[in-house]
Amino acid sequence: MELEAALRASFPEPGGADRLRALYRADVGVDALGVGAELRGDEVHFAYPIVILVGRKRG
């Protein structure tokens, strides 16, 4: 996911978007956040680590 697209879809507090940009840019090549932040040109991209489980209850 591209960071700016994620920020447009969220509602960070005033100044929060700038702090998030700095946090994600600092994490490129480090992966301390666990989201695999990387630069693609001038854009920061990352991935949400998720698992989706589906089940059905019998009966």
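Refer to the structure presented above.
For the structure given in this document, a descriptive report is provided here.

Reading the values: the criteria
Residues numbered from 1 in each chain as written. Predicted model: local features only at pLDDT ≥ 70, side-chain atom pairs only at ≥ 80, totals over all residues. Heavy atoms only, no water. Phe/Tyr/Trp six-rings, centres within 6.5 Å; stacked < 30°, edge-to-face > 60°. Helix = DSSP H or I, 4+ residues; strand = E, 2+ residues; numbered from the N terminus. Buried < 20%, exposed > 50% of the residue type's maximum accessible area, 1.4 Å probe, protein only. Polar contact = N/O pair within 3.5 Å; in protein donor to acceptor, adjacent residues only side chain to side chain. Contact = heavy atoms within 4.5 Å.

1. Describing the packing of aromatic side chains
- Within the structure shown, the criterion is met by 2 aromatic pairs.
- Between Phe 46 and Tyr 48, the aromatic rings sit 5.3 Å apart at their centres with planes inclined by 85°, giving edge-to-face as the arrangement.
- Every member of this aromatic cluster is reached through a ring pair, and the members are Tyr 24, Phe 46 and Tyr 48.

2. Quick word on the side chain of His 45
- The residue His 45 is located in strand E2 (residues 43–45) in this model.
- What makes His 45 buried here is its relative accessible area of 12%.
- Here the side chain of His 45 touches Arg 40 through a polar contact of 3.3 Å, side chain to side chain.
- The contacts of His 45, once residues within four sequence positions are left out, are Met 1, Glu 2, Gly 36, Ala 37, Glu 38 and Arg 40.

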